Amino acid sequence: MMSMSVNILSKMLQCSPTHVASVALNTNIFDVALRMNPFNIHGDGLSSSSWLLSGRLANMLLIDCEHDSGCSLTLSVLDFTVQLVERGVENDVVLALVVFSLQYVLVNHEHWKYKVKHARWKVTLKVLEMMKKCILSISHHQKLHEVVRDILFCDSSIHGVLFRIVCITSQALEKLYVIRLYELMEIEGFELAISAAQDIIFCMLSDLSRDILPSLPVFQQAVLSSATKPIPVLTAMLSLISYFRSPTIQAGAAKVLSILFTLADSSQPYVFGNACFGLDEKQISYVRHSIISILSDQSPSNEDLFFATCKMLTSAANYQPAFFVAVIASKENKDVQLNVAHGVKQQNEATIGSLGYKEANLMDVILKFIDQPNDLINSNPRMLLNVLNFIKALWQESAQFTSTLDCLRNSGNFWSQLSKILQSDSNEANRSKNMSGKEVLDMACRCQCQCSVLQILAYETFLEKKLLHAELVIKEASEASKERTEKMDGIKRLSDASLGFTDAFSTFQKGLALENMIKSYASSDYDNGTYHCAKAAAGLLSVHMMGKLKSGNVGSFSVSLIEKIHILLKKMSELPAFSELVAQYTQRGYSDGKELHNLILSDLYYHLQGELEGRKIDAGPFKELYQFLLESNILQTYLRKYDGDLSSCSKSVYLFDSLRLRSDLGLDLWDYSEWKELKVVAETLLLRLEDVNSMMLLSSSKLSALKSLANILSMKDGNSSEKTVIEQNMPQQLILSCIDQVCRFLQVTVESLVPRPDAAQDILDFLAAQVDLLLRLVTYVHGNLSLSTCVLVINTSGSCLKVLSDFRPLISGVKDTTKLLLMLLLSSIKSSCKESQLGGTVGVECIEKSAEASNASLGLLPILCNCVELVDHCTLTLTIVDFILKGLLTPNTWFPIIQKHLQLQHLILKIKDKKSLSSIPVVLKFLLTIARVREGAEMLFTGGFLPSLRMLFADISECESLSIIESERGASNSSDKKERPHCIWGLGLAVVTAMVDSLRDSFSCADVVDYVITYFLEKASLVSYYLSAPEFPSDYHEKKRARAQKTLTSLSFLKGTENTVLLICKLAEHRNSWLKAMKEMDSHLRERSIHLLAFISRGTQYLRESSNKAEPILCHPTLREEYEWYKKPSFVKSKRGWFALSAVCCGVNPRFSVVSSKTSALVVRDREAETTDPASQTYFSDTIAIQVYRIALVLLRFLCLQAEGAVKRAEEVGFVDLAHFPELPMPGILHGLQDQGIAIVTELCEANQSKQVASQIQGVCILLLQITEMALYLEFCVSQICGIRPVLGHVEHFSRELKLLVKAMGGHAFLKGSVKSLKHILSYVYPGLLQTEGFFSSDM
């Protein structure tokens, strides 16, 4: 009778959970005795000892099982407890029943006496059902979580019951069928219990895997322990996977093994000591044979088992590679693999397994799936996805599975079959809105299949790069020829196996696969409208439920759902909008002032219904209530992590649990109540949630594929001299077409963004993937984009940045996406500047596109100015703005925008920040561009730039020599830090120079000059340091240290020297201020300048004596950019002067040469080829030579200014005061510079007679002719003041060289201006030479 009553209560509980639970539990039918334990009480008054059941219920259950063959009372009590948990009832009585069921029924029921034996398994199954229901409900029931979770994971008696059920071997189960003591129903019940217990263990372990705990919980320790009784869990699961009588048990064992392999990887102290987990050879053979048999059976009825087995193999490959080799692989392959892993080469003959047959090879079975990719990807993509994920795991752990991978590579058509998967149609074009859940899942799986293939190709490409590196290392490092031959043979076998990969991937690159994949996956499936409709439908149902609940009609809703609706109603009733409606309705006399809340809810319901049907709610109180319901996130409690087959998703996919929502609504019972007419509202909500789920599945899968596609494109190394497979260039037109498509898709995506965190996170992730792919495509062609493509990318990037600027305080992923957009913008701006500055004929279309690029970049400036204020993006943004200002716009267009939007004080404060030293060079480069405009220079001066720069120089002045000394000592890991002080010094002075130049006619100029000269006096030793010639010791340090310094220099130091002299020249132009302040230092500066000029002049002498003397300087590449220049060939190709000498002085520092080998093997290959000739000319050596000559030019300019000033003083006083005449270089120094300039220009002009001279070489020629001209001016000045006559031998030599120069310059129009100036000064220095020889023709 009692069991029947409890059963009736269970049925009634489904119909009206709130009423039935309240009445039934308040009557205390189970005799619950509440007893508080004062020593173990939580903050809410709950504890594991807060409630006890009297012994009468336990006695009744014992009597029931002993006398009732069906154990009806026990089952009804357990079923009632399940219903209470399922309907969300949480109070002391329910918790007492749950704990009683777990700690009494579950733990003791196996010892009870039963009238019939198989009844015991009915009780076991029901209590396990209740246990699983509790586990699944823990996440959304707080009280249940607090009480039950500790019991489940810490009560060893419960663990013991579970282990006694599942810890059995397949052989022991088989024996039950031949023992007469066991009835068939009892065996079947036992098998069902095993399956249920496996499911519970899997759920509990999955829950543990998501937590980060300081120590292993009791349950996890017990599961992994080898002392677990009757046998270890791992051993039991490995055995049960061979139990073919029950595929459900096999699948359960595979699932448990998957999670155990994962947990065992992070729990080494608790795992068995050997790789086979205690299995002997016979047991290993059973497991191996079982797995092969499972994978060979492709029947639909065993799909779950197939999927679980594939996941188990994937987990083993990822987390237990030793177990995979020892157990999963066949004995033949295992022996080979283990021997290869230990470097042993021996051949093992195939043996017959202990089962008495020749075992099939697991990889042969796997290859059968790959041999039919087109069939599987259309008929069963989930099966193919599981196989591909397993293969991908092998490539992820490639070092552990070399022979297994060789088996796949050598299969003949493995790579070609994978390429067919990439070329298969994703059915994106055939999508419809009415697709079933299975069709959506299949489409998502097809996408994931292609994603997995792309990842496999990426891993193989990485291995190919490693192969090239290993090949080169062996060539360099192997001394014994035999050892080298053996190693090269091994590499050759791997290289031969990759030929199929090369052919297959080349087909993919040149075909339409890439373009089709971008068309399919670069378009976002995320639709705000779909998500919005689901939330609106939830709001509609919630409002209707609120009205019913106020009238006391709770229907069949679960208790937990009713509590949520009550809370939501309370919050909404407290809103000002709701109060406003109450006041309005009262004022208008609606419903005579009674039941106004119900009337408002009714009106709100119809407003929401209209919104769903397309009729927008007008602004006002109802609109505010509607917005509140949308933002209430009532559906958030029904989100769950998707645990399907999409294991390769880039992130966890969370879908709405529509089944749990249907259960909480009690929807199946609505047909029998007054809720029937409103069932369509609930069904609409469920349909909307399914639409959202479908959208999330597809968009998540496409996101994974998009990231994989971007990843494989990013593996191209443009600096490699030999091309790997991915580095074989794709057709340019294909890449440009893909860029165009991605830009269009990106524009659509960004237009769908709204500044709300709940609606934007997923679509923002997809936006980031789209931007990343676009960046990889642009990078793939090294930024060689047409102007039209550049404009498209600039406009697209600008639109995205503008929208993202509204998200900064709301969304967490905006920072990374913004960085990608800025990198993309930088690449396109660089390309645009390069295209705009190309010489040659310019068409109308090119001019129009250049104008479009300029307009697009002009519109970006306000947005970029805002990005400058962001700490993470400041440096990158300033680089972009600097490129735009220099290459695409004119100052009169960009300066007003910069002045209005740029927070200059933010940059000036950044200069003072010692923590931002790495970004200071970029800031100074940008300020240099600003300073070149007069208004910009004034802005810097009034903004306090000079005091900030003074503070900066004070911090770095002590580091100037330290950097070079440390590099001599071998501090190879901080070259950029060592060069940073030189770079900052040079750039800082460059900014000051530009300010002085821009303000030359303004009132502020004198103040700037006086300030800077005063600082120069303070830093006299530092200025002297930068002007020191190598063979002279510096006053800035002791002589011994100075010799070490001046032996080794850098490009940054040379640039610092140039900028120092440039500023001196600008200051010296302001004669009065200079003479007034620099009396004591003026002579010293001239001496330093002359000594440095003499060193440059004697460059050819050093070159002639290089066989007997050490190099005058050593200038190694130190920065990454300089290493790239070192690997590039010479562009000047001159064998004269400093271009020849720098080739000797500018090799790679042997101490640092390993740095270049870290990038790839191909860099090492390049270095090996280049360093065979220690004097080989490179782009870097040419850059050093040009920098040396630039220093010579500014030194000459400074000395010319000094001479000019002396002449003016002489004119003022009427005589030449030789006692105070400035020091000037000896004629021999000037002759050396003249000889170098004339010789190099002659050589370059002769080498380029028959072709157009490159702009870089033109610049070199003009530079050297300027040096020659200024040297002649100084020579003339010296000869006139000192009365020195030209040396006859030098005149003859100069005449011969000048003839050759004039002859070589013929036909080079770019030199006309320089020739005119040179002719003018020659008429003063050597007047007879021009008259007698007739060097220059009239056209010159």
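Quantities reported herein were computed from a predicted structural model and do not represent experimental measurements.

Novice: Got a minute to help me understand the overall build of the protein in this structure?
Specialist: Secondary structure assignment for the protein yields 62 helices and six strands. Buried positions account for 55% of the 1340 residues belonging to the protein. When the accessible surface of the protein is totalled, it reaches about 58,400 Å², and 53% of it is carbon and sulfur.

Novice: When you look at helix H18 (residues 362-370) in this model, what are you seeing that I'm missing?
Specialist: Because each turn of an α-helix spans 3.6 residues, side chains separated by three or four positions end up pointing in the same direction. Taken across its nine residues, H18 has seven buried, putting it largely inside the fold. Those residues of H18 that sit buried are Leu362, Met363, Val365, Ile366, Leu367, Phe369 and Ile370.

Novice: What am I meant to see in the packing of helix H27 (residues 528-550) against helix H30 (residues 596-612) here?
Specialist: Helix-helix packing is characterised by the crossing angle of the two axes and by the distance between the axes. At a minimum axis separation of 9 Å, H27 and H30 run at an interaxial angle of 160°. Relative to H30, H27 is oriented roughly antiparallel. Where H27 crosses over H30, the two elements pack in a sense that is left-handed. Contacts between H27 and H30 involve His532, Cys533, Ala536, Ala537, Gly539, Leu540, Val543, His544, Met546, Gly547 and Lys550 from the former and His597, Asn598, Leu601, Leu604, Tyr605, Leu608, Gln609, Glu611 and Leu612 from the latter. Residues belonging to the contact of H27 with H30 are distributed by class as follows: 11 nonpolar, seven polar and two charged.

Novice: What is the right way to look at the environment of Ala1206 in this model?
Specialist: Position of Ala1206 among the secondary structure elements: in helix H57 (residues 1179-1213). Overall, Ala1206 belongs to the buried group, its relative accessible area being 6%. What Ala1206 contacts, discounting residues up to four positions off in sequence, is Phe1221 and Pro1222.

Novice: I would appreciate a short explanation of unusual backbone geometry in the present structure.
Specialist: Most peptide bonds take the trans configuration, and most residues that are not glycine carry a negative phi. Omega for the bond connecting Lys229 with Pro230 falls within 30 degrees of zero, at 5°, which places this linkage in the cis form. Among the secondary structure elements, Pro230 is positioned in the loop between helix H11 (218-224) and helix H12 (233-240). Even without a glycine there, the phi angle at Lys1133 is positive, about 60°. Residue class for Lys1133 comes out exposed when judged on its relative accessible area of 61%.

Novice: It is not clear to me how the side chain of Ser854 should be interpreted in this structure. Could you clarify?
Specialist: Within the element layout of this structure, Ser854 appears in helix H38 (residues 844-868). For Ser854, a relative accessible area of 17% translates into the label buried. Leave out the neighbours within four places in its chain, and Ser854 touches Leu888 and Leu889.

Novice: How should I be thinking about the nonpolar core in this particular structure?
Specialist: General note: in soluble globular proteins, nonpolar side chains tend to be found buried as a group. Core analysis: the largest hydrophobic core is formed by 421 residues, its most contacted members being Met131 and Phe945. Here the element with the most residues in this core is H57; it accounts for 18 residues. Formed by five residues, the second largest nonpolar core is a distinct cluster that contains Met435, Val440, Met443 and Leu698.

Novice: Hey, could you run me through helix H8 (residues 156-166) in this one?
Specialist: Among the 11 residues in H8, eight count as buried, and that is most of the element. Taken together, the buried positions of H8 are Ile158, His159, Gly160, Val161, Leu162, Phe163, Ile165 and Val166. In this fold, the buried residues of H8 make contact with helix H5 (92-108), helix H6 (119-137), helix H7 (142-154), helix H10 (184-209), H11 and H12.

Novice: Looking at this structure, how should I read the pattern of salt bridges?
Specialist: If charged atoms from side chains of opposite charge come close, those side chains can pair. Inspection of every chain in the model, using the stated rule, returns 34 salt bridges. With a closest N to O distance of 3.5 Å, Glu86 and Lys133 form a salt bridge. You can see Glu86 sitting in helix H4 (residues 72-86) and its partner Lys133 sitting in helix H6, a full 47 residues away along the chain. The closest approach of N and O atoms between Asp442 and Lys438, which form a salt bridge, is 2.9 Å. Note that Asp442 and Lys438 are positioned in helix H23 (residues 437-477) at a spacing of four residues, about one turn of the helix.

Novice: Teacher, can you tell me more about the confidence of the model for the protein here?
Specialist: For any part of a model where pLDDT is low, the fine detail of the predicted coordinates should not be relied upon. Of the residues in the protein, 79% reach a pLDDT of 70 or more, and the chain-wide mean stands at 79. Counting interchain partners and residues more than four positions distant, the pLDDT-below-50 stretch residues 479-484 has three contacts. Contacts from residues 1032-1046, a stretch scored under 50 in pLDDT, to residues over four places away or in other chains number 32 contacts.

Novice: Looking at this model, I keep getting lost on the side chain of Ser998. Mind explaining?
Specialist: Here Ser998 is to be found in helix H46 (residues 975-998). Separated by 3.4 Å, the side chain of Ser998 and the backbone oxygen of Arg932 make a polar contact. With near-sequence residues (within four places) excluded, Ser998 lies in contact with Ala931, Arg932, Val933, Arg934 and Ala937.

Novice: Would you mind going over a nonpolar patch on the surface with me for this structure?
Specialist: A surface patch of nonpolar side chains, amounting to about 410 Å² of accessible area, comprises Val178, Ile179, Leu181 and Tyr182. With respect to the secondary-structure elements, Val178 resides in the loop between helix H9 (170-176) and H10. Classification of Val178 as exposed rests on a relative accessible area of 67%.

Rules used in this analysis
Residues numbered from 1 in each chain as written. Predicted model: local features only at pLDDT ≥ 70, side-chain atom pairs only at ≥ 80, totals over all residues. Heavy atoms only, no water. Helix = DSSP H or I, 4+ residues; strand = E, 2+ residues; numbered from the N terminus. Buried < 20%, exposed > 50% of the residue type's maximum accessible area, 1.4 Å probe, protein only. Areas by Shrake-Rupley, 256 points an atom, 1.4 Å probe, with all protein chains shown as cover. Axes fitted to C-alpha atoms, helices over the stretch in contact; angles between N-to-C directions. Parallel < 35°, antiparallel > 145°, perpendicular 65-115°, else oblique. Left-handed = near helix turned anticlockwise from the far one by under 90°. Contact = heavy atoms within 4.5 Å. Nonpolar A, V, L, I, M, F, W, Y, C, P; charged D, E, K, R; others polar. Core = buried A, V, L, I, M, F, W, Y, C linked by side-chain atoms within 4.5 Å. Salt bridge = Lys/Arg side-chain N within 4 Å of Asp/Glu carboxyl O. pLDDT = per-residue confidence, 0-100. Polar contact = N/O pair within 3.5 Å; in protein donor to acceptor, adjacent residues only side chain to side chain. Patch = residues over 30% accessible without salt bridge, like charges linked within 9 Å, V, L, I, M, F, W, Y side chains within 5 Å.

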